[in-house]
Structure formats: C-alpha cells, structure tokens
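Here are the chains, one letter per residue:
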Amino acid sequence: MEVTVDIKGEATETVALGAAATYGDVLAAVDLSIHEATPIVDGRPVPSDQPVEADTVTVLRLVKGG
C-alpha cells in the first residue's frame, strides 16, 4: 500500500508499506521514531501500533532542533 506522509513544517513523501503495516512503520519509513513524532489521522493522534487504515498521515515532530 502507498501512504502519503505530511511531515508538518518539513516535507510530504509517499511511502510504500506492507499490508500489515502500523503507524509506527509509517514513522520508520520517513526516518522518525515513535519517541520523536506522533502520527495523526483526521486531526487525531493514532497509536503507533495500530494498523494503517488511512491513505494520508500527518506527522507532528515532538522534538526539533537542538
């Protein structure tokens, strides 16, 4: 499956994932971890272990810069 990932304030990417992918896999596909970003679908955070059910995922980075 292909998912569009909108990393807020940075970029938008399309990633290819397996059929059993989770939102944590979406984060990993854009080189982020569950500790530094939150996946959001329809304006609400979703658990990283939940199976992907959306074509578009917004990612909000929790930590940026240094």
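Everything below is about the structure printed above this text.
Residues numbered from 1 in each chain as written. Predicted model: local features only at pLDDT ≥ 70, side-chain atom pairs only at ≥ 80, totals over all residues. Heavy atoms only, no water.

Colleague: Looking at this model, I keep getting lost on the overall build of the chain. Mind explaining?
Modeller: When helices and strands are counted, the chain shows 1 helix and 5 strands. For 66 residues, the compact-globule estimate of 2.2 N^0.38 gives 11 Å, and the chain sits close to it at 11 Å. Projected onto its principal axes, the C-alpha coordinates of the chain cover approximately 35 × 20 × 20 Å. Counting only residues that meet the buried cut, the chain has 33% of its 66 residues in that class. Roughly 4,100 Å² of accessible area belongs to the chain as shown, and the carbon and sulfur atoms make up 49% of that amount. Each charge sign in the chain was given a centre, from 4 positive and 11 negative side chains, and these centres are 11 Å apart. (Helix = DSSP H or I, 4+ residues; strand = E, 2+ residues; numbered from the N terminus. Rg over C-alpha atoms; globule rule 2.2 N^0.38 Å. Buried < 20%, exposed > 50% of the residue type's maximum accessible area, 1.4 Å probe, protein only. Areas by Shrake-Rupley, 256 points an atom, 1.4 Å probe, with all protein chains shown as cover. Lys, Arg positive; Asp, Glu negative; His and termini not counted. Charge placed at Lys NZ, Arg CZ, Asp CG, Glu CD.)

Colleague: Looking at this structure, I do not really get the nonpolar core. What am I missing?
Modeller: If you look at soluble globular proteins, the nonpolar side chains tend to sit buried side by side. If you look at the biggest cluster of nonpolar residues, it comprises 18 residues, and the most contacted ones within it are V3, V5, Y23, V26, V57 and V59. If you list the elements that add at least two residues to this core, you get β1 (2-7), α1 (23-29), β3 (37-41) and β5 (56-61). With residues near it in sequence (within four places) discarded, Y23 still touches P39, V41, V46, P47, S48, Q50, P51, V52, E53, A54 and V57. (Core = buried A, V, L, I, M, F, W, Y, C linked by side-chain atoms within 4.5 Å. Contact = heavy atoms within 4.5 Å.)

Colleague: Honestly, the pattern of salt bridges in this entry has me stumped. Any pointers?
Modeller: A pair can form between side chains of opposite charge whenever their charged atoms are brought close. Inspection of the entire model under this criterion finds 3 salt bridges. Across the pair R61 and E36 runs a salt bridge, and its minimum N-O distance is 3.6 Å. On the criterion of sequence distance, the pair formed by R61 in strand β5 and E36 in the loop between α1 and β3 is long-range, its members being 25 residues apart. (Salt bridge = Lys/Arg side-chain N within 4 Å of Asp/Glu carboxyl O.)

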